[in-house]
Amino acid sequence: IYGEDDRVEVSEGRSKLVRRDVVAVRGGPGDLSAAMESRFPCGIERLNVVVLGDGAPWIWNLAEDLFPNRVEILDYFHAAENLWKCASALFGENSPDAEKWAAEQESRLLDNKVEVVLDALKWLRQRYRTGPRRRAIDDLSRYYGNNARRMLYKSYVNAGHPIGSGPVESAVKHVVQCRMKRPGTHWHAKGADAMLKLRCLYRSSGKWDPYWDNKKAPFKAA
């Protein structure tokens, strides 16, 4: 979780986070919802938020439940990754035709023209009616069709919204993967939950030291 003022521009088109609040849980969407609500005791429904997701329906369902005032954005890099998978299936991996076709569609996506990309896929469906190529076209058509209203990337950039979930992907790596999924590591549920809580505190801005100060306070008083 981070706010618009928590990012600083480091170069043209690139920014980095200077503040963030990390939330992670073991469990399902309901557990994450409870953890998110605990971060905003003043009322989560009052927030104006941008929700970045990879297209999984549970993310949009959770966002709808939590944030009445929201902008939903399909992570651009997931959109592009799926586009290139389709291009490779159609024209061959790393082929000039695949690169040319994918680059053309990427340019359209970045110009708010997802419907033009969907039209191009409809045209290809008439050419490839069976086989792996048709399945790749259908998969991408379904993915873009379900998320088209979340793919107005030019408008998002102009509004100052992020279109990539890089900070979230980075947090998953540093909070969970690097510490809790080491080779040979085994966890009991209680220990895993405690470590996950500590990792979130450590990676959240301004929370690590106050947490330990509060832990020490009773001993100082005694």
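Predicted, not measured: the structure shown is a model, and the values here were computed from it.

Participant: Help me out: how do you make sense of the overall build of the protein in this one?
Facilitator: Along the protein, the regular secondary structure elements total ten helices and four strands. Each helix and strand of the protein, placed in order from N terminus to C terminus, yields the pattern β-β-α-β-α-β-α-α-α-α-α-α-α-α. Out of the 222 residues in the protein, the part that is buried amounts to 34%. For the protein, the exposed surface amounts to about 14,100 Å²; the carbon and sulfur share of it is 51%.

Participant: What is the right way to look at the pairing of strand β4 (residues 69-74) in this model?
Facilitator: Along any regular strand the residues' side chains alternate between the sheet's two faces. In terms of strand pairing, strand β3 (residues 48-53) meets β4 through six bridges, oriented parallel. Residue pairing in the sheet places N48 in a bridge with N69 of β4. Each parallel crossover has a hand, and for β3 linked through helix α2 (residues 57-66) to β4 it is right-handed.

Participant: I would appreciate a short explanation of the packing of aromatic side chains in the present structure.
Facilitator: The description of an aromatic ring pair uses the distance of the two centres, along with the angle that the planes make with each other. Scanning the model with the defined rule gives seven aromatic pairs in all. Centroid distance Y153 to Y156: 6.2 Å. Interplanar angle 80°. Geometry classified as edge-to-face. Of this pair, Y153 and Y156 both sit in helix α7 (residues 153-158), three residues apart, roughly one helical turn. Among the residues examined, Y153 registers a relative accessible area of 1% and is labelled buried.

Participant: Even after reading the chapter, I still don't get the nonpolar core, so can you show me in this structure?
Facilitator: Generally speaking, a soluble globular protein has its nonpolar side chains buried in company with each other. Core analysis: the largest hydrophobic core is formed by 43 residues, its most contacted members being C86, W101, L109, L121, Y144, M151 and Y153. Top element by residues in this core is helix α3 (residues 76-91). It accounts for seven residues. Counting residues in each nonpolar core, the second largest holds eight residues, with V175, M180, A192 and L196 among its members.

Rules of the game
- Residues numbered from 1 in each chain as written.
- Predicted model: local features only at pLDDT ≥ 70, side-chain atom pairs only at ≥ 80, totals over all residues.
- Heavy atoms only, no water.
- Helix = DSSP H or I, 4+ residues; strand = E, 2+ residues; numbered from the N terminus.
- Buried < 20%, exposed > 50% of the residue type's maximum accessible area, 1.4 Å probe, protein only.
- Areas by Shrake-Rupley, 256 points an atom, 1.4 Å probe, with all protein chains shown as cover.
- Pairing = 2+ DSSP bridges.
- Right-handed = clockwise from strand over helix to strand, strands pointing away.
- Phe/Tyr/Trp six-rings, centres within 6.5 Å; stacked < 30°, edge-to-face > 60°.
- Core = buried A, V, L, I, M, F, W, Y, C linked by side-chain atoms within 4.5 Å.

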